[in-house]
Amino acid sequence: MSEPPRNTLGSVTHEFIERVQKWDPSQVLRISDEVNPADFGVTGVLGALEAEGRSPMVLFENPLTVNGEPSPIPVLTNVFASRERCAIAQGLDPSAAGLDLSLDFSSRERGALDPVIVPPEQAPVRQVELIGEDADLGDLPVVRFHKMDPGPYIDMVCVMKNPEKDSYNSAFLRNMLQGPRQVGIHMSPRHNWRFCRTNERENRPTPVAIVVSHDPSFYLGALNVRPYGDNDYEVIGSIMGEPLRLTPSATLGDDFMIPADADIVVEGRVLPNKRQVEAPFGEFPGYYGPQRRNWVIEVSGIVRREKPVFQAIFVGHKDNWVLGSIPKEGALFSRIRGVVPGVTAVHLPDSGCGRFHCYISIDKRVDGESRQAALIALGEIDFVKHVVVVDADIDVFQEEQVVWAIATRIQASRDIDIIKNAKGNTLDPSQIDDIMTDKLIIDATKPVSRPFAKRVEVPEEALTKGRAILESLK
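Since this is a predicted model, take the numbers as computed values, not measurements.

Asker: What is the right way to read the side chain of N199 from this model?
Answerer: With respect to the helices and strands, N199 occurs in helix α5 (residues 191–201). With relative accessibility at 4%, the residue N199 sits in the buried group. A distance of 2.9 Å separates polar atoms of two side chains, one belonging to N199 and the other to T206. Beyond its immediate stretch of four places on either side in the chain, N199 contacts P163, R204, P205 and T206.

Asker: Explain the sheet that holds strand β1 (residues 28–35) to me, please; I cannot follow it from the model alone.
Answerer: Whether parallel or antiparallel, the strands of a sheet pair through hydrogen bonds between backbone atoms. Across the sheet, which stays open at both edges, the 4 strands sit in the order β1-β2-β3-β18 with mixed pairing between neighbours. Strands with a single pairing partner mark the edges of an open sheet, and in this sheet they are β1 and β18 (310–312). In this sheet, adjacent strand axes meet at a mean angle of 25° when their direction is disregarded. Where strand β3 (residues 75–77) meets β18, 3 bridges bridge the pair, whose relative direction is parallel. The partner of T77 across the bridge, within β18, is A312. Taken strand by strand, helix α2 (residues 41–51) contacts β1, β2 (57–63) and β3, and its axis lies near 150° from that of β2.

Asker: For this particular structure, what's the right way to read helix α4 (residues 99–109)?
Answerer: Note on helix geometry: an α-helix contains 3.6 residues per turn, so any two residues three or four positions apart are oriented the same way. Counting buried positions over the 11 residues of α4 gives 8, a clear majority of the element. Residues of α4 that are buried sit in contact with α3 (83–89), α6 (216–222), α7 (232–240), α8 (318–337) and β19 (343–347).

Asker: Looking at this structure, how should I read the packing of aromatic side chains?
Answerer: Aromatic ring pairs are defined here through the distance separating the ring centres and the angle between the ring planes. Counted according to the given criterion, the structure contains 8 aromatic pairs. Centroid distance Y153 to F281: 4.2 Å. Interplanar angle 40°. Geometry classified as tilted. One end of the pair, Y153, is in strand β6 (residues 153–154); the other, F281, is in strand β15 (residues 281–282), and 128 residues separate them in sequence. Neither Y153 nor F281 differs from the other in exposure class; each is buried.

Asker: How do you make sense of unusual backbone geometry when you look at a structure like this?
Answerer: Negative phi values dominate among residues other than glycine, just as trans dominates among peptide bonds. With an omega dihedral of 10°, the bond running from A279 to P280 counts as a cis peptide bond. For P280, the location among the structural elements is in the loop between β14 (264–278) and β15. In this model, N273 sits at a positive phi of 60°, which is unusual for a non-glycine residue. Here N273 lies in strand β14. Accessibility expressed as a relative area gives 55% for N273, which makes it exposed.

The rules behind each value
Residues numbered from 1 in each chain as written. Predicted model: local features only at pLDDT ≥ 70, side-chain atom pairs only at ≥ 80, totals over all residues. Heavy atoms only, no water. Helix = DSSP H or I, 4+ residues; strand = E, 2+ residues; numbered from the N terminus. Buried < 20%, exposed > 50% of the residue type's maximum accessible area, 1.4 Å probe, protein only. Polar contact = N/O pair within 3.5 Å; in protein donor to acceptor, adjacent residues only side chain to side chain. Contact = heavy atoms within 4.5 Å. Pairing = 2+ DSSP bridges. Axes fitted to C-alpha atoms, helices over the stretch in contact; angles between N-to-C directions. Phe/Tyr/Trp six-rings, centres within 6.5 Å; stacked < 30°, edge-to-face > 60°.

So, to be careful, I would describe these as geometric facts and stop short of saying anything about function.
This is the structure:
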């Protein structure tokens, strides 16, 4: 099939761009200059925007491929660097970008919708099929993110099939280009890793589909925290609000399904008993993950729409942190509310990389509830290191309010607890042990058992008049 004209879109990704642009045109930045993603051309722009305190979604309309040729496929990134854009992805109003977004996600996550199977000839993702030797990763505009990264990386969702039951798991995993048809993949010891280990014991390869580009709600859904063995395709459909359409893969067998409406999918197999050096790689905490000998994927095909968009997550930055926090907040809120009914909000802020810090607000009825809420957070999510509990008058989505509560409502000798030798995250550079870490609880709530100073406030009548005056000036 012939290549599409340059810079013409027409995909689920483009539909999302149009939705965001309709809401606020300043949220979409189009770069028409030629850039080389494999030589930091994308992240150079993103880094400059970050230095200005800006985080729009950025569409690079004229990128080069890894092979240095003009690419017919534009690059989209920084999609998730705004909670408002994530709300739009979920079909919500941007004003619901706080706790409402997290609770909506949590409610959808508890559901499951059976996927719909689409014949290959009706699946948009199979409009162009590049199989075997024709599948050259160098023909894609793959991004190299940070200075020490040894090469370009695809950092989107990898889907693998459970070898013990008919279910799929999705996970954001990094994939380093090591040749035209080979990538090195890094996996933490979770679900996909377990699939590969199970297959490797039988000397079997593990089929994998790297979903490079899809509707943003697909990627939010891929971050669900359902138990091992649940079918992510069913859960993603529930989170997207409609059954996920699937189609047989082009190279992995008719019984391996891929998302039918994706823009681009790279198909391949994780080879058993083969390892190759991969990394260092700039990871989510904003530091480089160490170089290791990791599994290798042998690419068997690239399937895509005629007019796709190539997506990338700006890992280790706001794009990465916001995306990682939303799927956890709602579930954690519900878990805490089961024990501490007065919980009013939970937030995993950007300052903690969307993982390490957790802010909880509660309408405290008795002293002790704040520590109870904090202990649930630490026990529920292993990568949370520091929990700050504040009163319900503090907006946990406004970090300066949380810090103000720490400044004015705690005494360190009384309100800070340290838990030693707890399970941490291997990518935390502050750990001196591979797994063990210290965890911190800060109780920045006012005591119930004794009087506490009342905070200042402007009369509500005066605020109403002030708002009217400001409105008249618009």
